[in-house]
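# Understanding the architecture of this molecule
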Amino acid sequence: MAWKMESQRKQYGKALVELGKERGDIVVLDADLSTSTRTADFAAAFPERFFNCGIAEQNMMDTAAGLAASGKTVFVSTFAVFGTGRCYDQIRQSIAYPKLNIKIVASHAGITVGGDGASHQIVEDIALMRVLPNMNVIVPADSPETYKVIKAVAKTKDPVYVRVGRADVPTITDPEAPFDLNQATLMREGKDVTLIGCGIMVAKCLEAAQELSKHGVDARVLNLHTIKPLDEKTIVRAARETGGVVTAEEHSVMMGMGSAVALVLVENFHVPMKRVGIPDVFGESGACDELMEKYGLTVDNIVEAAHDVLKRKK
Amino acid sequence: MEVYDGEFITELESIAKKARMYSIQMIYEAGSGHPGGSLSCVDILVALYFHIMKHDPKRPDWSDRDRFVLSKGHAAPALYAVLAQSGYFEVDELRSLRKMGSRLQGHPCMTKTPGIEMSTGSLGHGLAAGNGMALAAKLDRKLYRIYVIVGDGEMDVGETWEAAMLASHYKLDNITVYLDRNKLQLDGPTEKIMSLEPLADKWKAFGWHVIEINGHNMKEIIHATNEAKGVKGKPTIIICHTIKGKGVSYMEGSLHFHGKAPDKQEYEQAMKELGG
């Protein structure tokens, strides 16, 4: 499909600058990656409200806690691999436990980091963040949605983890369409099977749905941008109405979005299901497309998973 | 140098004695807790809450209040005692420490307890959190000050030094840190577990104004704090030489009472010594 390719990070930078203009309580922290995460845009516009903490993510998270405890709305950015595991205790103790108004917007998540290799390709960040009480987890599907997510989370008082990628991603949502943080977005109506994606995999789900339609399969596509709190109602309704579910995420199949969906279905409405995602392994250096293919994140992988589910439906 | 009359200092000392007594009572009734490190920082807490800090127990959310962070969260009993004595909650409530449904958690919890500014317990976080508060005060052009007590065991933590760098980089002269230098940590003497000295030189090298005092002497605590308030463009750390378990003879300098409640006999002796 001929989608426009756009950067999620660029929209993050733009949304932050707008928020900075609108609100004096917005402050931004980064750990020596501001030109990559695009918080540098905010730093240029509001230098007095931007604090570079150096390569010291633990210190950055606790500093954020002190700022939030003093009434600030704090955006903290770095690469996802450094903004989660490297400072997990700080996020747990000083952000999630006291439920402070901090938004961790982490870029360069997943294997689409590409050439940097496994050391920089976090495939377990959704898992780490979603098990933390009080923490919300959001994975925007594309660039316009990233903009809307940033604007929406700035209005909440809760800790939020927002995951974006490094690579430009296809624009599949309408910048003008209304956006509800708490509700999965119906991207395509369908009655035979439901494809649930998050992040860059939503576009792959749409392509898979089109491919399936050539075989007479009418697939529904949901964009599950908010993994916590989970829109259980929409998931269960989709399972009931289509009888089968495939999830797709650029994350380990262990304890990511697919696992969250699986648990909802096991407890509420049993249907055949298949998770598309990165197996329980570390990534490696390579081009995005090559990595997506090797680690099972292609349109074909989703189509195949859908056929498997359809077979088991009978 | 400001002069304080003897009566005023004696009053602070008697408040501290009572805080020591409450701390031991709480830990005894809870059956667990950290008496040694609570008793070593009591005098600093009393000086802060009964003289140094601008605060109002009836309005814990007052926006211009000075902020306090207990980075060594395991000394919570001492902080709770001083908060209760100040009037943040009833002294009777101290009995609920560590019990089901209590507002007084084993380690400080800012969402449960009035007067607690930051949830702590996992070591090495409090200074960075205090820095965040100090940055916010500067942004808001507020004059309130930030006070943090850190333990010497926390000097092992890398984040302590990350935070030390940040405070001097951003010229946070509105934060004052008290280092409770009781020289003992859970597994043994600090110098045996992980060599810390020369501590004063380390902090100086990180860009801090360093003062060393006897951390059980009210006058010295107050004078050092006044000196810190006058330092411009850099943060101040007051290295408070203290005795772990100070005030109860058999706990003083004892490793045994880092994280253990006294038994009945020990409790009674402590009460006798503290005049309870």
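Residues numbered from 1 in each chain as written. Chains lettered and ligands numbered in written order. Predicted model: local features only at pLDDT ≥ 70, side-chain atom pairs only at ≥ 80, totals over all residues. Heavy atoms only, no water.

Secondary structure summary: chain B contains nine helices and seven strands in total. In terms of overall size, chain B behaves like a compact globule, its C-alpha atoms giving a radius of gyration of 17 Å where 276 residues would be expected to give roughly 19 Å. Dimensions along the principal axes, computed over C-alpha positions, put chain B at roughly 50 × 45 × 40 Å. In chain B, which comprises 276 residues, the share counted as buried stands at 59%. In chain B, of all internal contacts separated by at least 6 residues, the share reaching a separation of at least 24 is 75%. Summed over all atoms, the accessible surface of chain B reaches about 10,800 Å², with 52% contributed by carbon and sulfur. Within chain B, the 35 negative side-chain charges are centred at a point lying 2 Å from the centre of the 33 positive side-chain charges. (Helix = DSSP H or I, 4+ residues; strand = E, 2+ residues; numbered from the N terminus. Rg over C-alpha atoms; globule rule 2.2 N^0.38 Å. Buried < 20%, exposed > 50% of the residue type's maximum accessible area, 1.4 Å probe, protein only. Contact = heavy atoms within 4.5 Å. Areas by Shrake-Rupley, 256 points an atom, 1.4 Å probe, with all protein chains shown as cover. Lys, Arg positive; Asp, Glu negative; His and termini not counted. Charge placed at Lys NZ, Arg CZ, Asp CG, Glu CD.)

Taken together, the contact pairs 24 residues of chain A with 23 residues of chain B. Here chain A and chain B share an interface that buries about 2,000 Å² over both sides, 60% of which is from carbon and sulfur atoms. Counting every contact that joins chain A to chain B gives one salt bridge. A salt bridge links A:Lys72 to B:Asp140; the shortest N-O distance between them is 2.5 Å. Summed over the shared surface of chain A and chain B, the result is eight residue pairs in polar contact (both at pLDDT 80 or more). Element by element, the count of residues in the side of chain A that touches chain B is highest for helix 4 (residues 57-69) of chain A, at eight residues. (Buried area = accessible area lost by both parts, 1.4 Å probe. Salt bridge = Lys/Arg side-chain N within 4 Å of Asp/Glu carboxyl O. Polar contact = N/O pair within 3.5 Å; in protein donor to acceptor, adjacent residues only side chain to side chain.)

Our focus in this paragraph is the packing of helix 4 of chain A against helix 5 (residues 88-96) of chain A. All names here are of chain A. Helix 5 packs onto helix 4 with a crossing angle of 0° between their chain directions and a minimal axis gap of 9 Å. Taken as axis vectors, helix 4 and helix 5 run roughly parallel relative to one another. Where helix 4 approaches helix 5, its residues Gln-58, Met-61, Asp-62 and Ala-65 are matched on the opposing element by Gln-90, Ile-91, Ser-94 and Ile-95. For the contact of helix 4 with helix 5, the class distribution of residues is four nonpolar, three polar and one charged. (Axes fitted to C-alpha atoms, helices over the stretch in contact; angles between N-to-C directions. Parallel < 35°, antiparallel > 145°, perpendicular 65-115°, else oblique. Nonpolar A, V, L, I, M, F, W, Y, C, P; charged D, E, K, R; others polar.)

The subject of this paragraph is helix 8 (residues 218-230) of chain B. Residues and elements named next belong to chain B. A rise of 1.5 Å per residue sets the reference length of helix 8, with its 13 residues, at 18 Å; its end C-alpha atoms lie 19 Å apart and thus fit the reference within 8%. Within helix 8 the residues assigned to the buried category are Met-218, Ile-221, Ile-222, His-223, Ala-224, Thr-225 and Ala-228. In the core, the buried residues of helix 8 are packed alongside helix 1 (6-30), helix 2 (35-52), strand 2 (146-151), strand 3 (175-181), strand 6 (209-214) and strand 7 (236-241). The N-cap of helix 8, judged by a side-chain oxygen 3.0 Å from the amide nitrogen of Lys-219 a few residues on, is Asn-217. (Expected span 1.5 Å × (residues − 1).)

Bringing the sheet that holds strand 1 (residues 67-70) of chain B into the picture now. Residue and element names in this part refer to chain B. In spatial order, the strands read 1-2-3-7-6; together these five strands make up an open sheet with parallel pairing. Either end of the sheet is taken by a strand with one partner, and the two such strands are strand 1 and strand 6. On average, adjacent strands in this sheet sit at an angle of 20° to one another, irrespective of strand direction. Sheet analysis places strand 2 next to strand 3, joined by six bridges and oriented parallel. Paired with Ile-146 across the strands is Ile-175, a residue of strand 3. Taken strand by strand, helix 8 contacts strand 2, strand 3, strand 6 and strand 7, and its axis lies near 170° from that of strand 6. (Pairing = 2+ DSSP bridges.)

Under the defined criterion, the tally for this structure stands at eleven aromatic pairs over all chains. With 5.0 Å between their ring centres and 50° between their planes, B:Trp161 and B:Phe206 make a pair best called tilted. Here B:Phe206 lies in the loop between helix 7 (199-205) and strand 6 and B:Trp161 lies in helix 5 (residues 158-169), a separation of 45 residues in the sequence. Note on B:Phe206: relative accessible area 26%, which makes it partly exposed. The interplanar angle of 65° and the centroid separation of 5.4 Å between the aromatic rings of B:Tyr250 and B:Phe257 together place this pair among those described as edge-to-face. We classify B:Tyr250 as partly exposed; its relative accessible area is 22%. Each member of the aromatic cluster is reached from another via a ring pair, and the members are B:Trp161, B:Trp203, B:Phe206 and B:Trp208. A cation over an aromatic ring shows up here: A:Lys14 above the ring of A:Tyr147, its NZ or CZ 4.9 Å from the ring centre. (Phe/Tyr/Trp six-rings, centres within 6.5 Å; stacked < 30°, edge-to-face > 60°. Lys NZ or Arg CZ within 6 Å of the ring centre and 35° of its normal.)

Turning our attention to the nonpolar core. The tendency in soluble globular proteins is for nonpolar side chains to be buried as a group. Residues A:Val74, A:Ile91, A:Ile102, A:Met135, A:Val261, B:Trp203 and B:Trp208 are the most contacted members of the largest nonpolar core, which totals 87 residues. Per-element accounting of this core gives the leading share, eight residues, to helix 4 (residues 126-139) of chain B. Each of domain 1 (5-170) and domain 2 (185-313) of chain A gives at least three residues to this core. Setting aside anything within four residues of it in sequence, one finds A:Ile91 in contact with A:Met61, A:Gly83, A:Thr84, A:Ala96, A:Ile104, A:Met129, A:Leu132 and A:Met135. Within the second largest apolar cluster, 56 residues are counted, among which are B:Ala19, B:Ala47, B:Tyr178 and B:Leu274. (Core = buried A, V, L, I, M, F, W, Y, C linked by side-chain atoms within 4.5 Å. Domains from an automatic or database assignment.)

This brings us to the sheet that holds strand 5 (residues 102-107) of chain A. Residue and element names in this part refer to chain A. Ordered by their spatial adjacency, seven strands build an open sheet running 3-2-4-5-7-6-12, and the pairing between neighbours is mixed. Two strands in the sheet have a free side with no partner beyond their single neighbour: strand 3 (50-52) and strand 12 (226-228). With direction set aside, neighbouring strand axes in the sheet form an average angle of 20°. In this sheet, strand 7 (residues 160-163) lies alongside strand 5 in parallel orientation, the contact comprising four bridges. From the neighbouring strand, Ala-106 faces strand 7, where its bridge partner is Arg-163. Its contacts with the sheet place helix 7 (residues 143-154) against strand 4 (73-79), strand 5, strand 6 (136-138) and strand 7, and it is angled at close to 140° to strand 4.

Attention shifts here to the side chain of B:Lys72. Residues and elements named next belong to chain B. Within the secondary structure, Lys-72 sits in the loop between strand 1 and helix 3 (76-86). Among the residues examined, Lys-72 registers a relative accessible area of 2% and is labelled buried. Looking at Lys-72, its side chain comes within polar contact range of the main-chain oxygen of Gly-37, at 2.8 Å.

As a further point, take a negative patch on the surface. Residue and element names in this part refer to chain A. A surface patch of like charges, here negative, comprises Asp-289, Glu-290, Glu-293, Asp-300 and Glu-304. By residue number, the principal contributor to the negative patch is helix 11 (residues 288-294), which donates three residues. Relative to the elements of secondary structure, Glu-304 occurs in helix 12 (residues 299-313). (Patch = residues over 30% accessible without salt bridge, like charges linked within 9 Å, V, L, I, M, F, W, Y side chains within 5 Å.)

Think of interface size as the accessible area that goes away when the parts come together; that is how it is often given. Residue and element names in this part refer to chain A. Its domain assignment divides chain A into domain 1 (5-170) and domain 2 (185-313). A C-alpha centroid distance of 26 Å is found between domain 1 and domain 2. Overall, the association of domain 1 and domain 2 removes approximately 2,400 Å² of surface from exposure, summing both partners, and the carbon and sulfur fraction of that is 60%. In terms of surface lost to domain 2, no three residues of domain 1 exceed Ile-111, Val-123 and Arg-130, which account for 30% of the buried area on that side. Our count for the domain 1 to domain 2 interface comes out at zero salt bridges. The tally of links between domain 1 and domain 2 comes to 20 residue pairs in polar contact (both at pLDDT 80 or more). Put simply, the parts of the chain that give the side of domain 1 that touches domain 2 at least two residues each are helix 6 (125-130), strand 6 and strand 8 (169-170). With four residues, the top contributor of residues to the side of domain 1 that touches domain 2 is helix 6. Classifying every residue of the side of domain 1 that touches domain 2 by side-chain character gives 17 nonpolar, eight polar and seven charged.

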